[in-house]
Amino acid sequence: MSAPPESFHHIRIEPQGWEFSSQAGQTLLLAALQAGYRLPHSCRNGSCRACMTRLLEGRIDYQVEWPGLLREEKEEGWILPCVACARSDLRLEAPQAAALHSEASPGTLAPTPSPAPVDKSVHSLPIDAPSD
Ligand code: FES
């Protein structure tokens, strides 16, 4: 007996027109990052609201019971991609999204950006002896 095929949904970010796939159970934020697109975010747990994005088309559900949105915001189409999963193909309005790499393409696993080099001069500063 073979396992059922994975379920994917098609995600489009407007106004840039970038497209990628989201795997079943994967948050929109993680799917975007893996495809090479950075959506604004901070806490990743649905509380800080840094990732608020408009859902233009499609259906989502949340991994948390109480995402940090007001009822009115939900009615206006605002979602929190850090804890939202696609339940259909989606169109999101995220003008502040950024491509992590110019060659980012749908379904591409983007390499993790390298950390900034460590400034070793900070670690070798002389410590003044207390003066009496
Ligand atoms: S990153 Fe904080 S609510 Fe989404």
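Asker: Would you mind showing me how to read helix α1 (residues 28-35) here?
Answerer: Along α1, the residues classified as buried are Leu28, Leu29, Ala31, Ala32 and Ala35. Buried residues in α1, looked at end-on, bunch into an arc of 165°, giving them a common side. Considering only its buried residues, α1 is in contact with β1 (8-14), β2 (18-23), β3 (37-38) and β7 (84-86). Two residues or fewer past α1, Gly36 is found with a positive phi of approximately 100°.

Asker: How should the nonpolar core be read in this particular structure?
Answerer: Membership of the largest hydrophobic core comes to 24 residues, with the highest contact counts inside it found for Ile11, Phe20, Leu28, Ala32, Tyr37, Ile60 and Ala84. For this core, the secondary structure elements donating two or more residues are β1, β2, α1, β7 and β8 (90-93). Examining the composition of this core, we find that five residues originate from one element, α1, more than from any other. Among residues more than four places away in sequence, those in contact with Ala84 are Thr27, Leu28, Ile60, Tyr62 and Ile79.

Asker: Before we go on, may I ask you to explain the sheet that holds strand β6 (residues 78-79) in this structure?
Answerer: Backbone-to-backbone hydrogen bonds join strands into a sheet, with any given pair of strands oriented parallel or antiparallel. In space, the five strands of this open sheet follow the order β2-β1-β8-β4-β6, with mixed pairing throughout. Looking along the sheet, the strands with just one partner apiece sit at the ends: β2 and β6. Where strand β4 (residues 53-57) meets β8, three bridges bridge the pair, whose relative direction is antiparallel. Along β8, the bridge assignment pairs Glu57 with Arg91. Where α1 meets the sheet, its contacts fall on β1 and β2, and the angle it forms with β2 comes to roughly 125°.

Asker: Is there a simple way to explain unusual backbone geometry in this structure?
Answerer: Phi is mostly negative for residues that are not glycine, and the peptide bonds are mostly trans. Cis geometry marks the peptide bond from Glu14 to Pro15, where omega comes out at 5°. Examined against the element boundaries, Pro15 turns out to sit in the loop between β1 and β2. The backbone phi angle of Arg49 is positive, close to 70°, even though this residue is not glycine. Tracing the backbone through its elements, the reader meets Arg49 in the loop between β3 and β4.

Asker: How do you make sense of the pairing of β1 when you look at a structure like this?
Answerer: As a general feature of sheets, a regular strand has side chains that alternate between the two faces. The alternating pattern of β1 places His9, Ile11 and Ile13 on a buried face, while none of Phe8, His10, Arg12 and Glu14, on the opposite face, is buried. Where β1 lies against β2, six bridges are found, and the strand directions are antiparallel. When the bridges of β2 are listed, Ile13 appears paired with Trp18. Counted between consecutive antiparallel strands, the loop separating β1 from β2 contains three residues, among which Gly17 sits at a positive phi close to 80°. Taken together, the four bridges between β1 and β8 define a ladder with parallel strand orientation. By the bridge assignment for β8, Glu14 is matched with Glu93.

Parameters and conventions
Here the residue numbering is sequential within each chain, running from 1 through the sequence in written order. Residue-level local features of this predicted model are given only where pLDDT is at least 70; pairs of side-chain atoms are given and counted only at 80 or more, and the full residue set underlies all totals for whole chains, interfaces and linings. Put simply, a residue is buried when 20 or more other C-beta atoms lie within 10 Å of its own C-beta and exposed when 12 or fewer do; between those, it is partly exposed, and each C-beta is set from the backbone. By the criteria applied, helices consist of DSSP H or I runs no shorter than four residues and strands consist of E runs no shorter than two, each listed in order from the N terminus. In this description, the arc belongs to the directions extending from the helix axis to the C-beta atoms. By the criterion used throughout, residues are in contact when their C-beta atoms, derived from the backbone, lie within 7 Å. In plain words, the nonpolar core is the set of buried Ala, Val, Leu, Ile, Met, Phe, Trp, Tyr and Cys residues that C-beta atoms within 7 Å link up. We treat two strands as partners when DSSP finds at least two bridges between them. Every axis corresponds to a line fitted to the C-alpha atoms, with the helix fit spanning only the stretch in contact, and the corresponding angles, defined between N-to-C directions, vary from 0 to 180 degrees.

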